[in-house]
Amino acid sequence: MGETTVTKPEGLKAALPDPVAADPGRGPLRRLRTPRRPRFWFEIVLIAVSYWTYSLVRNAVPEQKAEALHNADWIWRAEHHLGIAVEESVNQAVNSVHWLIVGMNYYYATLHFIVTLGVLVWLYRRHPGRYAATRLVLFATTAVALVGYYLYPLAPPRLMNGGAFIDTVMVHQTWGSMASGDLKHMSNQYAAMPSMHIGWSVWCGLTIFALASVPWVRVLGLLYPALTLVVIVATANHFWLDAVGGVLCLAFGFTVARLWYGRQPYALPRLARERRRGGSRSSTAVRPRGVRSGRP
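Here the structure is a predicted model, which means the values were calculated and not measured.

**Side note on the overall build of the chain**
In step 1: Summing up its helical and strand segments, the chain has 12 helices and two strands in all.
In step 2: Written out in order from the N terminus, the α and β elements of the chain read α-α-α-α-α-α-α-α-α-α-α-α-β-β.
In step 3: Out of the 296 residues belonging to the chain, those deemed buried represent 42%.
In step 4: Here the contacts in the chain between residues at least 6 apart in sequence split such that 81% fall between residues at least 24 apart.
In step 5: When the accessible surface of the chain is totalled, it reaches about 17000 Å², and 64% of it is carbon and sulfur.

Okay, structure coming up:
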């Protein structure tokens with residue numbers, strides 16, 4: 001009888017290719033595009049550095065006052081032509097109700113940051129698989145807004161020449177804007193287009209509406225950007241068209257996330273693949289319904 005060759009388990013194991021290395025779809029780019037559980041410390045640093053960079057760049061844009069005022073006049077004329085130039089009436093009407101306008105001043109100054117950070121924390125804790133993609137939408141929206149500030153300086157209505165707009169922060173001596181009073185030197189006053197109050201609030205509203213499970217919370221999500229729109233107009237910080245610019249920037253942000261991840265952020269799995277620990281993966285990503293695992 002001929003000799004029988006027995007392959008030892010060790011040799012068989014060595015001969016088999018690494019399934020991860022053999023899969024051409026699992027390269028560095030694929031790994032970057034795969035939703036993974038975010039690291040808390042990394043997110044804190046990333047958000048802090050990103051906002052610092054955003055503020056630095058925004059405030060470094062030249063305050064081209066003459067051009068900004070000229071653009072404001074053009075926007076105001078365009079809105080009259082479109083029949084939507086009611087900001088002045090809204091500003092004066094709300095300013096006549098002291099408690100209401102003071103509340104709006106503080107709303108403008110605080111909720112813009114509080115709600116946005118709150119939604120990010122909620123995503124991190126409850127929807128880790130969608131967190132990175134949804135955060136990318138916010139970051140891309142803000143990045144393209146910086147381009148708008150540089151290319152199209154725009155004075156807010158309260159700084160227009162010869163207008164009847166009321167700077168509600170100055171009149172009521174409330175801390176409601178980084179661009180008024182003693183804080184005006186800390187922020188570029190001529191960066192009103194696009195409105196990131198609208199860009200960020202619509203991002204918050206859509207995220208809450210798409211992912212929240214409680215009906216009344218979803219309704220609040222939709223009401224938040226609507227109320228923000230009223231506030232930015234009533235306080236004479238923005239025109240209606242500034243809000244349109246903010247929505248367009250947000251659309252760009254969603255497009256970037258869709259191209260990077262292959263689907264919209266809200267359609268990604270709720271949970272995420274755990275990161276490697278000691279060379280092994282602690283758990284796998286939760287697949288969407290209808291996607292087979294490939295196992296019997």
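**Some words on the packing of helix H8 (residues 128-151) against helix H10 (residues 196-211)**
In step 1: Their axes nearest at 10 Å, the elements H8 and H10 cross at an angle of 165°. If you check the angle between H8 and H10, you find them roughly antiparallel. The two elements H8 and H10 cross, and the hand of that crossing is right-handed. Contacts between H8 and H10 involve Arg130, Thr134, Val137, Leu138, Thr141, Thr142, Ala145 and Tyr149 from the former and Met196, Trp200, Trp203, Thr207 and Leu211 from the latter.
In step 2: Of the residues assigned to the contact of H8 with H10, the class counts are eight nonpolar, four polar and one charged.

**Observations concerning H10**
In step 1: Taking 1.5 Å of rise per residue, the 16 residues of H10 would be expected to cover 22 Å, and the 22 Å separating its terminal C-alpha atoms lies within 8% of that figure.
In step 2: By the criterion of burial, H10 is predominantly enclosed, with 13 of the 16 residues buried.
In step 3: Two or three places before His197, at the start of H10, stands the capping residue Ser195, its side-chain oxygen 3.4 Å from that residue's backbone nitrogen.

**Digging into the packing of helix H7 (residues 98-126) against H10**
In step 1: Contact geometry for H7 and H10: axes closest at 10 Å, N-to-C directions at 35°. Where H7 crosses over H10, the handedness of that crossing is left-handed. Residues Tyr108, His112, Phe113, Val115, Thr116, Val119, Leu120, Trp122 and Leu123 of H7 form the contact with H10, whose own contacting residues are Met196, His197, Trp200, Trp203, Cys204, Thr207, Ile208 and Leu211.
In step 2: Residues of the contact of H7 with H10, tallied by class, amount to 13 nonpolar, four polar and no charged.

**Description of the environment of Val202**
In step 1: On the secondary structure map, Val202 appears in helix H10.
In step 2: By relative accessible area, Val202 is classed as buried at 18%.
In step 3: In this structure the C-alpha to C-alpha distance between Val202 and Leu250, which are 48 residues apart in sequence, comes to 8.0 Å.
In step 4: In this structure, Val202 is in contact with Pro225 and Leu250, ignoring residues within four places of it in sequence.

**What to know about the confidence of the model for the chain**
In step 1: Across the chain, the average pLDDT comes to 80, with 72% of residues at or above 70.
In step 2: Across residues 1-25 the pLDDT falls below 50, and counting only partners more than four positions away or on other chains, this stretch makes five contacts in the model.
In step 3: Within the model, the stretch residues 278-296 combines pLDDT values under 50 with 18 contacts to residues more than four positions away or in other chains.

**Some words on the packing of aromatic side chains**
In step 1: With the rule as written, the count across this model stands at six aromatic pairs.
In step 2: Seen in terms of ring centroids, Phe113 and Trp200 are 6.5 Å apart; in terms of plane orientation they differ by 80°. Their pairing is edge-to-face. Taken as a pair, Phe113 in helix H7 and Trp200 in helix H10 lie far apart in primary sequence, 87 residues in all.
In step 3: Its relative accessible area of 31% is what places Phe113 among the partly exposed residues.
In step 4: Residue Trp200 is classed as buried on the basis of its relative accessible area, which comes to 8%.
In step 5: Geometrically, the ring pair formed by Phe254 and Tyr266 is edge-to-face, given 5.9 Å between the ring centres and 65° between the ring planes.

**As for the nonpolar core**
In step 1: Judged by nonpolar contacts, the single largest core of 37 residues is most densely connected at Tyr149, Met196 and Trp203.
In step 2: Looking at this core, the elements that each hand over two or more residues are H7, H8, H10, helix H11 (215-234) and helix H12 (240-261).
In step 3: Residue contacts for Trp203: discarding those within four places in its chain leaves Thr116, Val119, Leu120, Leu123, Thr134, Val137, Leu138, Leu250 and Tyr266.
In step 4: Ala72, Ile75, Tyr190 and Phe239 belong to the second-largest nonpolar core, a separate cluster that totals 15 residues.

**A few points about the side chain of Glu87**
In step 1: With respect to the helices and strands, the residue Glu87 is situated in helix H6 (residues 87-95).
In step 2: Buried and unpaired, Glu87 has no salt bridge, with Arg158 as the nearest side chain of opposite charge at 13 Å.
In step 3: In contact with Glu87, not counting residues within four places along its chain, are Trp76, Glu79, Phe165, Val233, His238, Phe239 and Trp240.

**Some points on H8**
In step 1: The end-to-end C-alpha distance of H8, which contains 24 residues, comes to 36 Å, matching closely the 34 Å that a straight helix rising 1.5 Å per residue would cover.
In step 2: Here H8 lies mainly inside the structure; 17 of its 24 residues are buried.

**Focus: the environment of Val217**
In step 1: Its location among the elements puts Val217 in helix H11.
In step 2: For the pair formed by Val217 and Gly205, sequence separation is 12 residues and the distance between their alpha carbons is 9.9 Å.
In step 3: Not counting residues within four places of it along the chain, the set of residues in contact with Val217 comprises Ile208 and Ala212.

Cut-offs applied
- Residues numbered from 1 in each chain as written.
- Predicted model: local features only at pLDDT ≥ 70, side-chain atom pairs only at ≥ 80, totals over all residues.
- Heavy atoms only, no water.
- Helix = DSSP H or I, 4+ residues; strand = E, 2+ residues; numbered from the N terminus.
- Buried < 20%, exposed > 50% of the residue type's maximum accessible area, 1.4 Å probe, protein only.
- Contact = heavy atoms within 4.5 Å.
- Areas by Shrake-Rupley, 256 points an atom, 1.4 Å probe, with all protein chains shown as cover.
- Axes fitted to C-alpha atoms, helices over the stretch in contact; angles between N-to-C directions.
- Parallel < 35°, antiparallel > 145°, perpendicular 65-115°, else oblique.
- Left-handed = near helix turned anticlockwise from the far one by under 90°.
- Nonpolar A, V, L, I, M, F, W, Y, C, P; charged D, E, K, R; others polar.
- Expected span 1.5 Å × (residues − 1).
- Polar contact = N/O pair within 3.5 Å; in protein donor to acceptor, adjacent residues only side chain to side chain.
- pLDDT = per-residue confidence, 0-100.
- Phe/Tyr/Trp six-rings, centres within 6.5 Å; stacked < 30°, edge-to-face > 60°.
- Core = buried A, V, L, I, M, F, W, Y, C linked by side-chain atoms within 4.5 Å.
- Lys, Arg positive; Asp, Glu negative; His and termini not counted.
- Salt bridge = Lys/Arg side-chain N within 4 Å of Asp/Glu carboxyl O.

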